[in-house]
Amino acid sequence: MSITVLSGSPLVATPVYNKMLYKVSGSLIAQPNYRYVCDVKNPAGTTLARLKCDKLPTTNFGFFDVQKVVETLVAPTAPSLTQTGFVDHSGFYSGYRLDFTQEYGNTPVVTGATTTVSGVMAFAGNLEQLELADWSLSPYFRIGSSFNSVQPLTTPTAFTVYHGGSNFLAINGTKYTTVSANDTWLVSARVAYKSVNYDFAVSPSLSGTTDFNIQRFACGPANLSGTITALSGAVEGDSYTVQFLGNAGLGSVQTTFTFGPCQRFDSIPVHFVNKYGGIDSYTFTMKNRKRANIQREVFGYNSDVYATTTYNKVWAGSFDFVYALNSDWLTDAESEWLIEMVRSGYVWLELGGQLVEAVVNANQYQFVTRRNDRLTQLQLEVAVAYDNSIL
């Protein structure tokens, strides 16, 4: 007899940094030494781990949290600041497969039919528990044939940008309910600036794709300026929109990018993986400061033996760099959104035209609103994620 999967991770697209709990039952639970078995596999069917679970004494159910194993299939990497157009959002999502069976007997042996969970995927997201409880894919992952209600994998629908800046939007490219009947797919992004539309095609085409797919579109002024030369003359308050189009002509939710004021100080852009597995960007435009933290290992030097007046010697040490970042005045929406930067496990500082992996040194985040707090800035310390040696 086979195993019955009673409940599992939220639908077919699951944030991989949340719990991925499967509840199962079996019909042979009266057998001696009975245990449930779950083989966690990659999309090709290679077994990553075999998990085993005793039946609960009260309900005889078994529970498997496969999150830590499936997480090994997702490995986000820094985007390229020079990206143009579309690239596959690879590393930020992956399919997986679960085979449930059982073992029993005086000398337990895995036996019986296998129940398979397939056609599911995990993405580099991490939802709050209340949001996870209501997670239903929409509007970020399509559950129907229409491309009309899809939203990019990000919370805001509007961003502030600056000349020379890079930004990215990730978008679900294929239908999820019945992947084999993939009747709609992402074909292009449309950038509208001053009543002119510029279309960027997905290449290679997703037509006929029968697997999960997420695309990442580079949509900052620096990424678009090679095609949309008019952006070089944009001034404060000018804006452009990005909309993703399906093969049937229907469009996603529009995202607006508005040029901010001239920057009086040396701005530092920060890029980070948001809670939906996309890449968001925010530029700290006020007075930012840099410092070095230095650590030394010192030992006492025997001056009598070595005939010297030196009493302490540095034998090892390291130093790192920390940036104290200051934002401009925050809107209520920005204050609500930027917690995603503070709690993100993947953060990159943009320094000297390259991305440097970093860690946010903040253990608390104060939400603010204009009504309660009037004008408020965000101050953060962000450390580069590497140490330099002294000796």
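Summarised in this report is the structure supplied together with it. (Residues numbered from 1 in each chain as written. Predicted model: local features only at pLDDT ≥ 70, side-chain atom pairs only at ≥ 80, totals over all residues. Heavy atoms only, no water.)

## Some points on the sheet that holds strand β11 (residues 168–172)
Strand order in the open sheet made by the three strands is β7-β14-β11, with antiparallel pairing throughout. Strands with a single pairing partner mark the edges of an open sheet, and in this sheet they are β7 (86–88) and β11. Each strand axis lies, on average, 30° off the axis of its neighbour in the sheet, ignoring direction. Bridge count between β11 and strand β14 (residues 214–218): five bridges; the pairing is antiparallel. By the bridge assignment for β14, Asn-172 is matched with Ile-214. (Pairing = 2+ DSSP bridges. Helix = DSSP H or I, 4+ residues; strand = E, 2+ residues; numbered from the N terminus. Axes fitted to C-alpha atoms, helices over the stretch in contact; angles between N-to-C directions.)

## Structural notes on the pairing of strand β13 (residues 196–201)
Each regular strand displays side chains that alternate between the two surfaces of the sheet. Pairing geometry for strand β12 (residues 186–193) and β13, over six bridges, is antiparallel. By the bridge assignment, Ala-192 is partnered in β13 with Asn-197. Joining the antiparallel neighbours β12 and β13 is a turn of two residues, in which Lys-194 adopts a positive phi near 50°.

## Focus on unusual backbone geometry
Residues apart from glycine generally show negative phi values, whereas peptide bonds are mostly found in trans. In this chain, Ser-138 is followed by Pro-139 through a cis amide linkage whose omega measures 5°. Looking at where Pro-139 falls in the secondary structure, it is placed in the loop between α2 (129–133) and β10 (158–161). Look at the link from Ser-203 to Pro-204: it is a cis peptide, with omega at 0°. Within the secondary structure, Pro-204 sits in the loop between β13 and β14.

## Re the side chain of Ser-327
Note that Ser-327 resides in the loop between β20 (312–326) and α5 (332–337). Beyond its immediate chain neighbours, meaning those up to four positions away, Ser-327 contacts Tyr-282, Phe-284, Met-286, Gln-377 and Leu-378. (Contact = heavy atoms within 4.5 Å.)

## A few points about the pairing of β10
A one-sided burial pattern is seen for β10, the buried positions being Phe-159 and Val-161 and the unburied ones Ala-158 and Thr-160. Where β10 lies against strand β16 (residues 255–259), four bridges are found, and the strand directions are parallel. Within β16, the residue paired with Ala-158 across the bridge is Thr-256. (Buried < 20%, exposed > 50% of the residue type's maximum accessible area, 1.4 Å probe, protein only.)

## Section: the environment of Val-347
Within the element layout of this structure, Val-347 appears in strand β21 (residues 347–351). Along the backbone, Val-347 and Phe-272 are 75 residues apart, and their C-alpha atoms lie at a distance of 4.3 Å. Not counting residues within four places of it along the chain, the set of residues in contact with Val-347 comprises Val-270, His-271, Phe-272, Met-341, Val-356, Glu-357, Ala-358 and Val-360.

## Concerning the pattern of salt bridges
Going through the model one piece at a time under the given rule, you end up with 13 salt bridges. A salt bridge links Lys-275 to Glu-131, with the nearest nitrogen and oxygen atoms 3.0 Å apart. Of the two residues, Lys-275 is situated in the loop between β17 (268–273) and β18 (279–284) and Glu-131 in helix α2; the sequence distance between them amounts to 144 residues. What makes Glu-131 partly exposed here is its relative accessible area of 22%. Across the pair Arg-190 and Asp-199 runs a salt bridge whose closest N-O atoms are separated by 2.8 Å. Relative accessible area serves as the criterion here: at 30%, Arg-190 is assigned to the partly exposed category. Residues joined by salt bridges that share partners form a network here, namely Glu-128, Glu-131, Lys-275 and Arg-343. (Salt bridge = Lys/Arg side-chain N within 4 Å of Asp/Glu carboxyl O.)

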